[in-house]
Amino acid sequence: VQLVESGGGLVQPGGSLRLSCAASGSIFSINYMGWYRQAPGKQRELVATITSGGTTNYEDSVKGRFAISRDNAKNTVYLQMNSLKPEDTAVYYCNALIVGLDYVLRGYWGPGTQVTVSS
């Protein structure tokens, strides 16, 4: 199973970006999917999560600005980021709990995608 993120880049403050994360491989089902981020010199922190049923959860600093969604048919999770601030600059990582074809639940991380908010 692999997770691959895309959509990062450089954006000016107040701008928007949309991140995508696609899961592929021997997948029976995907439970939770989420986005985390890690800024230089800081610990990795949770940004947003979404369950298979669509229940979402957000870190306080991104509430009202970011929106997480998923397409179960495509095994893909998205993170729409609006009103971006310089403090949102970080490497963003996709995380998922996936049941494989062996019916074992495992956690996976993507390699990360850089988001830089700067004028």
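Located above this text is the structure these notes cover.
Residues numbered from 1 in each chain as written. Predicted model: local features only at pLDDT ≥ 70, side-chain atom pairs only at ≥ 80, totals over all residues. Heavy atoms only, no water.

Enquirer: Just checking my understanding: could you explain the nonpolar core for this structure?
Expert: The tendency in soluble globular proteins is for nonpolar side chains to be buried as a group. Core analysis: the largest hydrophobic core is formed by 30 residues, its most contacted members being Trp35, Leu79, Met81 and Tyr92. With 5 residues, strand β9 (residues 90–100) is the largest single contributor of residues to this core. (Core = buried A, V, L, I, M, F, W, Y, C linked by side-chain atoms within 4.5 Å. Buried < 20%, exposed > 50% of the residue type's maximum accessible area, 1.4 Å probe, protein only. Helix = DSSP H or I, 4+ residues; strand = E, 2+ residues; numbered from the N terminus.)

Enquirer: Hey, could you run me through the pattern of salt bridges in this one?
Expert: Opposite charge on two side chains permits them to pair, given that their charged atoms come into close proximity. As enumerated under the stated definition, the model contains 5 salt bridges in all. In this structure, the salt-bridge partner of Asp88 is Arg65, at a minimum N-O distance of 2.8 Å. Note that Asp88 is positioned in the loop between β8 (76–81) and β9 and Arg65 in the loop between β6 (56–58) and β7 (66–71), a separation of 23 residues in sequence. What makes Asp88 buried here is its relative accessible area of 0%. Several salt bridges converge on common partners, so that one network encompasses Arg37, Glu45, Arg65 and Asp88. (Salt bridge = Lys/Arg side-chain N within 4 Å of Asp/Glu carboxyl O.)

Enquirer: When you look at the sheet that holds β7 in this model, what are you seeing that I'm missing?
Expert: Neighbouring strands of a sheet are bound in pairs by backbone hydrogen bonds; such pairs are parallel or else antiparallel. On the basis of which strands lie adjacent, the open sheet formed by 4 strands has the order β1-β3-β8-β7 and antiparallel pairing. Taken across any chain shown, the strands that pair with only one partner, and hence form the sheet edges, are β1 (2–6) and β7. Ignoring strand direction, the axes of neighbouring strands in this sheet form an average angle of 15°. Bridging between strand β3 (residues 17–24) and β8 involves 6 bridges; their strand directions are antiparallel. In the strand pairing of β8, Leu17 is matched with Met81. (Pairing = 2+ DSSP bridges. Axes fitted to C-alpha atoms, helices over the stretch in contact; angles between N-to-C directions.)

Enquirer: How do you make sense of the packing of aromatic side chains when you look at a structure like this?
Expert: Any aromatic ring pair is given by two values, namely how distant the centres are and how the planes are angled relative to each other. Following the criterion strictly, the structure yields 3 aromatic pairs and no others. Plain terms: the ring middles of Phe28 and Tyr103 are 5.0 Å apart, the flat faces sit at 70° to each other, and that makes the pair edge-to-face. Linking Phe28 in strand β4 (residues 27–38) with Tyr103 in the loop between β9 and β10 (105–109), this pair joins segments that are 75 residues apart in sequence. Pair check on accessibility: Phe28 and Tyr103 agree, each one exposed. Feature note: the residues Tyr36, Tyr93 and Trp109 constitute an aromatic cluster, connected by ring pairs. (Phe/Tyr/Trp six-rings, centres within 6.5 Å; stacked < 30°, edge-to-face > 60°.)

Enquirer: Looking at this structure, I do not really get the environment of Gly34. What am I missing?
Expert: Relative to the helices and strands, Gly34 resides in strand β4. Each C-alpha atom of the pair Gly34 and Tyr78 lies 9.0 Å from the other, and the pair is 44 residues apart in sequence. When sequence neighbours within four positions are dropped, the list of residues in contact with Gly34 reads Ala48, Thr49, Ile68, Tyr93, Cys94 and Asn95. (Contact = heavy atoms within 4.5 Å.)

Enquirer: Can you help me understand the state of the cysteines in this one?
Expert: Here is the idea: a disulfide is a covalent bond, and it sits between the sulfur atoms of two cysteines. By the definition in use, this model includes 1 disulfide. Disulfide pairing is shown between Cys21 and Cys94; the S-S distance is 2.1 Å. Across the S-S bond of Cys21 and Cys94 the torsion is about -80°, and the bridge reads as left-handed. Residue Cys21 is located in strand β3, and its partner Cys94 is located in strand β9; the two are separated by 73 residues in the primary sequence. Cys94 shares its class with Cys21; the two are buried. (Disulfide = S-S within 2.5 Å.)

Enquirer: Would you mind showing me how to read the pairing of β1 here?
Expert: Each regular strand carries side chains that alternate between the two faces of the sheet. Only one face of β1 is buried, namely the one carrying Leu3 and Glu5, since none of Gln2, Val4 and Ser6 on the opposite face is buried. Bridge count for β1 against β3 is 5 bridges, and the pairing is antiparallel. Looking across to β3, one finds that Val4 is bridged to Ala22.

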